[in-house]
Amino acid sequence: MNASSDSITPRRVVLASGNPGKLREFAALFSPVGIELVPQGQLGVADADEPYVTFVENALAKARHASRQTGLPALADDSGLCVAALDGAPGVYSARYAQRAGGEKSDAANNALLVSNLAGKADRRAWYVAVLVYVRSADDPQPLIGEGVWHGEILDMPEGEHGFGYDPHFYLPELGATAASLDPDEKNRVSHRARALRQLLDKLALC
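Keep in mind that what you see is a predicted model, and the values were worked out from it rather than measured.

Each value, and the rule that gives it
Residues numbered from 1 in each chain as written. Predicted model: local features only at pLDDT ≥ 70, side-chain atom pairs only at ≥ 80, totals over all residues. Heavy atoms only, no water. Pairing = 2+ DSSP bridges. Helix = DSSP H or I, 4+ residues; strand = E, 2+ residues; numbered from the N terminus. Contact = heavy atoms within 4.5 Å. Axes fitted to C-alpha atoms, helices over the stretch in contact; angles between N-to-C directions. Buried < 20%, exposed > 50% of the residue type's maximum accessible area, 1.4 Å probe, protein only. 1 Å grid on protein atoms, 1.4 Å probe; cavity = no way out; pocket = protein on both sides within 12 Å on 5 of 7 lines; lining within 4 Å. Points joined across faces, edges and corners; volume = space filled by probe spheres on them. Nonpolar A, V, L, I, M, F, W, Y, C, P; charged D, E, K, R; others polar. Core = buried A, V, L, I, M, F, W, Y, C linked by side-chain atoms within 4.5 Å.

Caption draft 1: Looking closely at the sheet that holds strand 5 (residues 144-154). Judged by pairing direction, the sheet is mixed, and its seven strands sit side by side in the order 2-1-3-4-5-6-7 without closing on themselves. If you trace the sheet from one side to the other, it starts and ends with strand 2 (36-39) and strand 7 (177-178), each paired once. The pairing of strand 1 (residues 12-15) with strand 3 (residues 74-83) spans two bridges and is classified as parallel. Paired with leucine 15 across the two strands is leucine 75, which belongs to strand 3. The strands that helix 1 (residues 20-30) touches are strand 1, strand 2, strand 3 and strand 4 (125-135); relative to strand 3, the one it contacts most, it runs at about 120°.

Here's what the structure looks like:
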């Protein structure tokens, strides 16, 4: 994004998420372009329903909800892990994967269930998907959308101390490391969210 884009991009944008890991990543990704992200919880906005089976529909619903409640432009993301041997699961249910199976809602439970469901399967291909949606207002007829995909493989044993979610089990052959083993700055350059962000910023610059 060039310097002139700051004059056409609202500086204060509500972020439709309360996930601490996402908040850290988005703060790092958006600070260089001069956008102040305000978490929706600080503005008294409750989480939106996510009833849809696609990332883009859920992200759009969250962005419109946050914008309608605050009167601000809004940014939302819907992201998750898709695993080839599990027919794309956990997909949009990544954050609630174990909970939907009767377990607790936690990263540890989700990872344990993932490894269990992959037991005996040779195909370990997986990919992270991130869809970012930016709306200028709740009824914006032309939301801006960026999508990023990050390919890797699933390891049985976790590696690394950074990241969140499935990062300790998401192995990147070209880097020889899991997502959780990457320095946060490096992850922010190559991740699915970084790729989606680049698309979105390109579109914002043209507005």
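From this point, the discussion proceeds with the structure in view.
Caption draft 2: Geometry of the environment of asparagine 111. If you trace the backbone, asparagine 111 turns up in helix 4 (residues 107-117). Spatially, the C-alpha atom of asparagine 111 lies 9.3 Å from that of aspartate 167, the residues being 56 residues apart in sequence.

Caption draft 3: Broad picture of unusual backbone geometry. Cis geometry is found at the peptide bond from alanine 89 to proline 90, where omega equals 0°. Within the secondary structure layout, proline 90 lies in the loop between strand 3 and helix 3 (97-100). Of note, the phi angle at aspartate 87 is positive, near 55°, even though the residue is not glycine. In this structure, aspartate 87 sits in the loop between strand 3 and helix 3.

Caption draft 4: Representation of helix 4. Among the residues of helix 4, those classed as buried are Ala109, Asn110, Asn111, Leu114 and Val115. Packing partners of the buried residues in helix 4 comprise strand 3, helix 3 and strand 5.

Caption draft 5: Summary view of the side chain of asparagine 58. Turning to its location among the elements, asparagine 58 is positioned in helix 2 (residues 55-70). Residues within four places of asparagine 58 in sequence aside, it is in contact with Glu50, Pro51, Tyr52, Asp78 and Val92.

Caption draft 6: View of the layout of surface pockets. Considered as a void within the structure, the largest pocket measures approximately 810 Å³ in volume. Along its surface, the largest pocket is lined by 34 residues, and Asn19, Lys22, Glu50, Ala95 and Lys105 are the ones closest to its centre. In terms of residue count, strand 3 provides more of the lining of the largest pocket than any other element does, five residues in total. Residue composition of the lining of the largest pocket, by class: nine nonpolar, 12 polar and 13 charged. Estimated volume of the second largest pocket: approximately 180 Å³. Surrounding the second largest pocket, Gly21, Arg24, Glu25, Ala28, His162, Gly163, Phe164, Ala179, Leu182, Pro184, Lys187 and Asn188 form its lining. Residue assignment for the lining of the second largest pocket shows that the elements contributing at least two residues are helix 1 and helix 5 (184-190). By residue number, the principal contributor to the lining of the second largest pocket is helix 1, which donates four residues.

Caption draft 7: Broad picture of the nonpolar core. In terms of nonpolar packing, the biggest core is built from 19 residues, with Phe26, Phe30, Leu37, Leu75, Leu132, Tyr134 and Leu200 touching the most fellow members. When contributions to this core are tallied by element, the ones reaching two or more residues are strand 1, helix 1, strand 4 and helix 6 (192-206). Considering each element in turn, this core owes the most residues, six residues, to helix 6. Not counting residues up to four positions away in its chain, the partners in contact with leucine 37 are Val13, Leu15, Phe26, Phe30 and Leu75.

Without other data, these values stay purely geometric and don't point to any function.
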